[in-house]
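Here are the chains, one letter per residue:
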Amino acid sequence: MVAAALIELKRLHVAQSHGLVDDPSNVVPLSVCWLIPQFFFVGSGEAFTYIGQLDFFLKECPKGMKKMSTGLFSSTLSFGFFFSSLLVTGDSAQGDRRQ
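1. Let's talk about the packing of aromatic side chains
Counted according to the given criterion, the structure contains 2 aromatic pairs. Look at Tyr50 and Phe73: their rings are 6.4 Å apart centre to centre, the planes differ by 80°, and that puts the pair in the edge-to-face class. Separated by 23 residues along the polypeptide, Tyr50 in helix 2 (residues 36-60) and Phe73 in helix 3 (residues 66-98) bring together distant segments of the chain. Under the relative-accessibility criterion, Tyr50 is labelled partly exposed at 25%. Owing to a relative accessible area of 9%, Phe73 belongs among the buried residues under this scheme.

Below, the structure written as structure tokens:
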């Protein structure tokens, strides 16, 4: 979150210096490389979380439930990604109505 806040401050500074703040149709001249730190931190966090969660499922479940626990792990990931795509779709639909 700190990385995202710092990048957003940089984006706002560039937008203000070019006079692009009040018009949402303008494109801010900022390199896409500024997103790399955010993706690095989020990717690292997800990797450590997923590995820990799968390790917990495999170590703490009884032998007969190991396959079910890995299936539960996969289904929680898929439901999370599905819910995330629903949120993005809803947000883009809201943005289309505002214009």
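2. What about the confidence of the model for the chain?
In the predicted model, the chain carries a mean pLDDT of 84, and 93% of its residues have values of at least 70. Within the chain, the element-level pLDDT minimum falls on helix 3, averaging 81, and the maximum on helix 1 (residues 2-17), averaging 88.

3. A short note on the side chain of Ser69
For Ser69, the location among the structural elements is in helix 3. A residue is classified by how much of its surface remains accessible, and Ser69, at 3% relative accessible area, is buried. Ignoring sequence-local partners within four residues, the contact set of Ser69 consists of Phe57 and Cys61.

Parameters at a glance
- Sequence order as written defines the numbering, with residues in each chain counted from 1.
- Local features in this predicted model are restricted to residues whose pLDDT is 70 or higher, and side-chain atom pairs enter the listing and the counts only when it is 80 or higher, whereas totals over whole chains, interfaces and linings include all residues.
- Note: side-chain values were computed over all heavy atoms of the structure, leaving out hydrogens and water.
- Geometry of aromatic contacts follows a simple scheme: Phe, Tyr and Trp rings, the Trp one being its six-membered ring, pair when their centres are within 6.5 Å, and the pair is stacked under 30 degrees between planes, edge-to-face over 60, tilted otherwise.
- Labels follow the DSSP assignment, with helices taken as runs of H or I lasting at least four residues and strands as runs of E lasting at least two, numbered in each case from the N terminus.
- To sort residues, take the accessible area from a 1.4 Å probe on protein chains only and compare it with the maximum for the residue type: under 20% means buried, over 50% means exposed, and anything in between is partly exposed.
- Every residue carries a pLDDT, the predictor's confidence in it, which falls somewhere between 0 and 100.
- In what follows, a contact means two residues having at least one pair of non-hydrogen atoms within 4.5 Å.

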